[in-house]
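Summary of structural features
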Amino acid sequence: MESVLENSLRVFYAVLAFGILIFFHELGHFLVAKLMNVKVLTFALGFGAKIFKVRKGETEYALCAIPLGGYVKMLGEELDEEVPPQEIHRSFSAKSIPTRFSIVIAGPAFNLALAAFIVASLHLGEVPYLPPKVQEVVEGSPASLAGVLPGDEIIAVNGKAIKRFQELRERILESEGAPLQLSLMRDGAILDLTVLPRMKVELSPYGDEMRIWQIGIVPASEVRFETFSPVGALWAGIRWTWEKCWFTLKTLWKLLTGKESIKNIGSPLLIGAEAAKQAEFGLSSYLSFIAFVSVILAVMNLLPIPILDGSHLLYFLVEAVIRRPLSKRFLGIAQYVGVGILVCIMAWAVYRDLDRFYWKAKRSQSQAVEMEQRRDSSP
């Protein structure tokens, strides 16, 4: 009974996370379309059969069976759609390029705004943090070889001041093995050292190989507090969102250039599993994860892959340059290409998740049974 309840809660937290992310994305398209006097026919969360729908005014609001997406259907959005003459002025396709651009970019923009708002709300008031103070230095580690000692507090990396141990960790991970210039506070004096991070391969909780850079220090257990005003919290949220956008772009580049293994790609199954896991750590961890995925969703949607928001934005820019709409034939072909690309990516991601959550577990179970049988048959 307890297992059923726990699994039900995990599914609930996963679906709730997807619902929040998709709702805010589609809400951006919906609100800006309404603001620009474009007729919205449908606002739907999910795909597939509609399990619940209600009409309010000119718009149908629906919940669909598959909670892994959503859409806002506007008048005149389809390539071959016939628009009544009396409603052409409210058609999406009849609007100016800046208007269409605003409607399309509003989805990713709302996801970024959601991330900034969540992080800002978590920074309101007094926030605890670990300072970049060293409690222990691993023997033979890069930090040990560079001369770092227990009790040192790292106040800057490559000339850029840091305040939290998390900032130090991020600088080390981003170094990719390049030498780091550390400024330390030791006995009231500032000392500059150079440390060369060392790569270590570890397994994630899902069995994926992770290449991480380390210098071999353990943070002190000392906890400090920083008080944020509403303005300070908002700025922290905006800064965090920008940093995660840049991190997502760099990760995508690493995947394209082979510096990051495509085996680490995950489907919504992995996102849902991680959402449920973070919920077990508390509301703050759960919301932080939603904020991070919201940034990823925004950045991914801005990629110029046909059918994603980014491709439509690119079409509008091309249309502005050549001073005429792109042909319906080109847009139709591009749409098929985009669907093909996304289907291939999703198929690979689902395959990887099946390997993570099912086949690896089966292999581990079989290996455990074989070891037990060998132990029982030994004299």
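Residues numbered from 1 in each chain as written. Predicted model: local features only at pLDDT ≥ 70, side-chain atom pairs only at ≥ 80, totals over all residues. Heavy atoms only, no water.

A short note on the overall build of the protein
The helix and strand inventory of the protein stands at nine helices and 12 strands. Within the protein, contacts between residues at least 6 apart in sequence are counted, and of these 63% link residues at least 24 apart. (Helix = DSSP H or I, 4+ residues; strand = E, 2+ residues; numbered from the N terminus. Contact = heavy atoms within 4.5 Å.)

Considering helix α6 (residues 268-280)
Here α6 contains 13 residues, and its C-alpha end-to-end distance of 19 Å stays within 8% of the 18 Å for a straight helix at 1.5 Å per residue. Among all positions in α6, only Leu-270, Gly-272, Glu-274, Ala-275, Ala-276, Gln-278 and Ala-279 are buried. Within two residues after α6, Gly-282 carries a phi angle of roughly 125°, on the positive side. (Expected span 1.5 Å × (residues − 1). Buried < 20%, exposed > 50% of the residue type's maximum accessible area, 1.4 Å probe, protein only.)

Topic: the environment of Thr-99
Its place among the elements puts Thr-99 in helix α2 (residues 97-123). Through-space distance from the C-alpha of Thr-99 to that of Asn-37 is 9.9 Å; in sequence the pair is 62 residues apart.

Some thoughts on the layout of surface pockets
Size it by volume and the second largest pocket reaches roughly 190 Å³. Lining the second largest pocket we find Val-15, Phe-18, Gly-19, Ile-20, Ile-22, Leu-45, Gly-46, Ile-51, Leu-63, Cys-64, Pro-67 and Gly-69. Put simply, the parts of the chain that give the lining of the second largest pocket at least two residues each are α1 (2-35), β1 (40-56) and β2 (59-74). Examining the composition of the lining of the second largest pocket, we find that five residues originate from one element, α1, more than from any other. Residues that form the lining of the second largest pocket fall into these classes: nine nonpolar, three polar and no charged. (1 Å grid on protein atoms, 1.4 Å probe; cavity = no way out; pocket = protein on both sides within 12 Å on 5 of 7 lines; lining within 4 Å. Points joined across faces, edges and corners; volume = space filled by probe spheres on them. Nonpolar A, V, L, I, M, F, W, Y, C, P; charged D, E, K, R; others polar.)

Quick notes on a nonpolar patch on the surface
A cluster of nonpolar side chains, contributed by Leu-314, Leu-317, Val-318, Val-321 and Ile-322, occupies part of the molecular surface with about 420 Å² of accessible area. With respect to the helices and strands, Val-321 occurs in helix α8 (residues 309-322). (Patch = residues over 30% accessible without salt bridge, like charges linked within 9 Å, V, L, I, M, F, W, Y side chains within 5 Å. Areas by Shrake-Rupley, 256 points an atom, 1.4 Å probe, with all protein chains shown as cover. Salt bridge = Lys/Arg side-chain N within 4 Å of Asp/Glu carboxyl O.)

Concerning α8
Taking 1.5 Å per residue, 14 residues should reach 20 Å; α8 reaches 20 Å between its end C-alpha atoms and fits that length. Those residues of α8 lying buried are Asp-309, Gly-310, Ser-311, Leu-313, Tyr-315, Phe-316 and Glu-319.

Some remarks on unusual backbone geometry
Its identity is not glycine, yet Asn-37 carries a phi of approximately 60°, on the positive side. Structurally, Asn-37 can be placed in the loop between α1 and β1. In this structure Asn-37 comes out as partly exposed when scored by relative accessible area, which is 35%. The backbone phi angle of Glu-176 is positive, close to 55°, even though this residue is not glycine. Within the secondary structure, Glu-176 is located in the loop between α4 (165-175) and β7 (180-186).

Examining the packing of α2 against helix α7 (residues 283-301)
Viewed as axis vectors pointing N to C, α2 and α7 meet at an angle of 155°, and their least axial separation amounts to 8 Å. It follows that α2 is roughly antiparallel to α7 by the angle criterion. Once α2 is placed against α7, the crossing between them reads as left-handed. Facing Pro-108, Asn-111, Leu-112, Leu-114, Ala-115, Ile-118, Val-119 and Leu-122 of α2, the residues of α7 in contact are Ser-284, Leu-287, Ser-288, Ile-290, Ala-291, Ser-294, Val-295, Leu-297, Ala-298 and Asn-301. The class makeup of the residues in the contact of α2 with α7 is 13 nonpolar, five polar and no charged. (Axes fitted to C-alpha atoms, helices over the stretch in contact; angles between N-to-C directions. Parallel < 35°, antiparallel > 145°, perpendicular 65-115°, else oblique. Left-handed = near helix turned anticlockwise from the far one by under 90°.)

A closer look at the packing of helix α5 (residues 230-257) against α7
As a packed pair, α5 and α7 sit with axes 9 Å apart at the nearest point and diverge in direction by 55°. It follows that α5 is oblique to α7 by the angle criterion. Both α5 and α7 take part in a crossing whose hand is right-handed. Every residue of α7 that contacts α5 at Trp-240, Thr-241, Lys-244, Cys-245, Phe-247, Thr-248, Leu-249 and Leu-252 is listed here: Ser-288, Ala-291, Phe-292, Val-295, Ile-296, Val-299 and Met-300. Its residues placed into classes, the contact of α5 with α7 shows 11 nonpolar, three polar and one charged.

Focus on the packing of aromatic side chains
Tallied over the entire structure, the rule returns 11 aromatic pairs. On the basis of an interplanar angle of 85° and a centroid distance of 5.3 Å, the ring pair of Phe-30 and Phe-43 is categorised as edge-to-face. Linking Phe-30 in helix α1 with Phe-43 in strand β1, this pair joins segments that are 13 residues apart in sequence. Using a relative accessible area of 10% as the deciding quantity, one classes Phe-30 as buried. For Phe-43, a relative accessible area of 7% corresponds to the buried category. Taken together, the ring pairs in this structure connect Phe-23, Phe-24, Phe-30, Phe-43 and Tyr-61 into an aromatic cluster. (Phe/Tyr/Trp six-rings, centres within 6.5 Å; stacked < 30°, edge-to-face > 60°.)

By themselves, these are just geometric observations and shouldn't be taken as functional.
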